[in-house]
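Fold and geometry: a report
If you want the building blocks of each chain, they are given just below.
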Amino acid sequence: MSNDAATAEAAGTDEATPVPEPIPHGLGASLPPADARAKTEGTFPYAADLWAEGLLWAAVLRSPHPHARIVSIDTTHAREMPGVRAVVTHEDVPGAPLHGRGGRADRPVFASEAVRHHGEPIAAVAADHPDTARMAAAAVIVEYEVLDPVTDPEQAFEAEPLHPDGNLIRHIPLRHGDPDATGEVVVEGLYRIGRQDPAPIGAEAGLAVPRPDGGVELYLASTDPHADRDTAASCYGLSPDQVKIVVTGVPGATADREDQGFQLPLGLLALKTGCPVKLTATREESFLGHVHRHPTLLRYRHHADAEGRVVKVEAQILLDAGAYADTSSDALAAAVAFACGPYVVPNAFIEGWAVRTNNPPSGHVRGEGAMQVCAAYEAQMDKVAKKLGLDPAEVRLRNVLATGDVLPTGQTVTCPAPVAELLQAVRDFPLPALPKDTPEDEWLLPGGPEGAGEPAAVRRGVGYGIGMVHMLGAEGADEVSTATVKVQDGVATVLCAAVETGQGFTTLARQIVQETLGVDEVQVAPVDTDQPPAGAGCRGRHTWVSGGAVERAAKMVRTQLLQPLAHQFGMSTELLQIADGKITSYDGVLSTTVAEALDGKELWATAQCRPHPTEPLDEAGQGDAFVGMAFCAIRAVVDVDIEIGSVRVVELAVAQDVGRVLNPAQLTARIEAGVTQGVGIALTENLRTPRGLIRHPDLTGYALPTALDTPDIRIVKLVEERDVVAPFGAKAVSAAPVVASPAAVASAVRAATGRPVNRLPIRPQAAVVTA
């Protein structure tokens, strides 16, 4: 008899009965997402799937010009079309006409006197059929006086004001150390970073339903529902309690997920018609409406000594904010603060500007600010190494930050900063094998099996990128989240307005409660604005702030659960532990199950988590602006056809500072996704806007990396050095690989070709080597 059969017989079971796999449980386990089955089967409710009785359909008229004066708007023909129920323009906005993110209201709900970017909303229509709505929107007659657009951010300083607030959104001069310091070696560079679209994988959509009290409910894939509610209430002339936002399924978010340019018209149309109104944006409308990564121009000068140690960094950073401010101030702060990278730089003099143009609006996209400067400072480190004849990895190791070092902003790095350990891990990881020059391996060549290149023209390069990002908000942002944990009939429920955007918060919340209370079944309630606010879902906020609130609430419920038992046995609750659904005392006298201890009780608690405060950067760019930081090192291996300039990324080796692994499967997926997004930035993604007009606003003209473009991603080391001020000690993991991977790919192409490679995405001509 086999061991398995003997075990089955001893247990009194049939040999054929499979033994169920243990269910992952608590922190540190790869607990699968609760919505995985629904998403796989196609039953998960996204915003585009919503329906309501008496539904009307909306369409938005957008400007075909990047810059024009509006002479007149005639809605007569649109209003008279059969099936049209309402047409709204700027004249129909009852409340504040301006809105915006990042604390700066400078964007109109509808353009009134001027349009400032291609695709700016001018009017919206509600009709009984989506085709009717679109035709009615096209029937709105707008007379324009077309103006020359300002599309070069360098020209914005001298151009006529594009907005009543002027063209300069923010200027940060950073001064640190001795301005007269010099090094034996000086290298300079001019770098350009293109415009990346966040390319959300699902349609941007929403549903507005009027309420009997004169208010409105908005069903949206919002990533910051309370901020969106307050903006909507202000524009509708309503109090916040008259506007409710219900968060629908969010099909992924690497930026501000929803375009407020169609959120706000939805509610206006519902209030005006008294009917539910739905809008599902086309991919073209998404490209025209939502924000993009800031195109950036960077000028750098590095001074180093003969050993390759950086003495001084001088830089100028210019962010193209597009037509409106959005979160450009925050992006500029990150860019200036991290302009020298995760390196010890005793002297730094940085000038940073964010300016308006008539280009499409820029805003929050994962790793904003930090990604752009990483590409530049890593290129500079390659130049230092080349000029001194040193190994690029060795030059970096001689300069890396460590815990206790000081940033150019004057802030001491108090969190774990194992940058040297990360770099050494990727440097020492074995290199991939070289492809063989055989027909069956032609797919390994740049360009694939049908490519025009020749194997003899392929050169291999190895490069490095080290990125750093800040977590949570910065410069005095009030980061707070509230959560409630309830337990009844053996089931725990978490109520928290933290939106699940794909970062895994709902799974983490379940793990926290399982770990703390020993309850297997944990549900996370849907999010709406009747719950206390939890803030935006970016920069690892919900892992830290919302996860911390859930943990505190769960611990309060734990105390409620254990106190009667502790009192009965004359001991404190600290002497009791919960594990595997059982409650035991330190001495073994008490042993019972969580279910028995609950015995029909209903327990609940509400808690908040608020990290320590930060401060704005002062007039010299100094201040403790960040709560915490995370680091990532990547080694890229590329093959380049130096005759035609095609690039194949062979492998990316990743080492990352994660604090603590809370869910291994989710963490791996997040790192791999971030690296892949970075490959797109490096090689293919560039939203072209000649004279301010978005060219090819679709996923045919905008080249996202596919599965065939994704290289082998090797996670060679995860450093689990816990950040003592963070709940669970964990750090954000998504943004750092996005920041480091484009710089690493560019560094590898530089090594393969000897070309400077000073622009992202890398154009073929930049990788061509002529005799």
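Attention shifts here to the packing of aromatic side chains. Taken as a whole, this structure holds six aromatic pairs when the rule is applied. When the centroid spacing of 5.9 Å and the interplanar angle of 85 degrees are considered together, the rings of F157 and W353 count as edge-to-face. Of this pair, F157 sits in the loop between β8 (141-146) and β9 (168-176) while W353 sits in strand β17 (residues 347-356), and the two are 196 residues apart along the sequence. What makes F157 partly exposed here is its relative accessible area of 40%. Sitting above the plane of the F44 ring, K39 keeps its charged end 4.9 Å from the centroid.

Moving on, we come to the pattern of salt bridges. In a structure, side chains of opposite charge can pair up when their charged atoms sit close to one another. On inspection of all chains with the given rule, the structure shows 34 salt bridges. Where R301 meets E314, a salt bridge forms, and the shortest distance between an N and an O atom there is 3.2 Å. Taken together, the residues span a long stretch of sequence, with R301 in strand β15 (residues 296-304) and E314 in strand β16 (residues 310-322) at a distance of 13 residues. Relative accessible area serves as the criterion here: at 22%, E314 is assigned to the partly exposed category.

Spacing of three or four residues puts side chains on the same side of an α-helix, whose turn is 3.6 residues. Counting buried residues along helix α8 (residues 328-337), eight of its ten residues qualify, which places the element largely inside the surrounding structure. The set of residues buried in α8 consists of S328, A331, L332, A333, A334, A335, V336 and A337.

Counting buried positions over the 16 residues of strand β26 (residues 626-641) gives 16, a clear majority of the element. One ladder, built from 15 bridges, connects strand β18 (residues 458-474) with β26; its direction is antiparallel. What sits directly across from H470, in β26, is M629. As paired elements, β26 and strand β27 (residues 647-657) share nine bridges and run antiparallel to each other. Bridge pairing in β27 links V640 to V647. Connecting β26 to the next strand, β27, in antiparallel fashion are five residues, including G645 with a positive phi near 80 degrees.

Bringing the confidence of the model for the protein into the picture now. Mean pLDDT over the protein: 90, with 94% of residues reaching 70 or higher. Below a pLDDT of 50 lies the segment residues 1-15, which in the model reaches seven contacts outside its immediate sequence neighbourhood of four places, other chains included.

Looking now at the pairing of strand β13 (residues 243-247). Most of β13 is tucked away: five of the five residues are buried. What you see with β13 is no split at all: V243, I245 and V247 on one side and K244 and V246 on the other are buried throughout. By the bridge criterion, five bridges tie strand β12 (residues 216-220) to β13 in an arrangement that is parallel. Paired with L218 across the strands is I245, a residue of β13. Following the chain from β12 across helix α5 (residues 225-236) to the adjacent parallel β13, one finds a crossover that is right-handed.

In a soluble, globular protein the nonpolar side chains are often hidden away together inside. Among the nonpolar cores identified, the biggest contains 162 residues, and Y300 and I583 are the most heavily contacted of them. Ranked by the residues each element gives to this core, the list is headed by helix α16 (residues 735-753), at twelve residues. Of all hydrophobic cores here, the second largest spans 31 residues; its members include A86, A126, L220 and Y236.

What follows deals with the sheet that holds strand β3 (residues 84-88). Strand pairing in a sheet relies on backbone hydrogen bonds, with the paired strands running either antiparallel or parallel. Taken in spatial order, the seven strands line up as β3-β7-β1-β14-β11-β12-β13 in an open sheet, and their pairing is mixed. The open sheet is flanked by β3 and β13, the only strands paired with a single partner. Strand-to-strand twist of the sheet, defined as the mean angle between neighbouring strand axes without regard to direction, takes the value 20 degrees. Sheet topology note: the strand β1 (residues 56-62)/strand β7 (residues 121-127) ladder contains six bridges and is antiparallel. Across the sheet, the residue bridging to R62 is P121, located in β7. Sheet strands touched by helix α4 (residues 130-139): β1, β3 and β7. Its angle to β1, the strand with the most contacts, is close to 25 degrees. Each of β1, β3, β7, β11 (205-210), β12 and β14 (277-280) touches helix α6 (residues 260-273); the most contacted strand, β11, lies at about 25 degrees to it.

Rules used throughout
Residues numbered from 1 in each chain as written. Predicted model: local features only at pLDDT ≥ 70, side-chain atom pairs only at ≥ 80, totals over all residues. Heavy atoms only, no water. Phe/Tyr/Trp six-rings, centres within 6.5 Å; stacked < 30°, edge-to-face > 60°. Helix = DSSP H or I, 4+ residues; strand = E, 2+ residues; numbered from the N terminus. Buried < 20%, exposed > 50% of the residue type's maximum accessible area, 1.4 Å probe, protein only. Lys NZ or Arg CZ within 6 Å of the ring centre and 35° of its normal. Salt bridge = Lys/Arg side-chain N within 4 Å of Asp/Glu carboxyl O. Pairing = 2+ DSSP bridges. pLDDT = per-residue confidence, 0-100. Contact = heavy atoms within 4.5 Å. Right-handed = clockwise from strand over helix to strand, strands pointing away. Core = buried A, V, L, I, M, F, W, Y, C linked by side-chain atoms within 4.5 Å. Axes fitted to C-alpha atoms, helices over the stretch in contact; angles between N-to-C directions.

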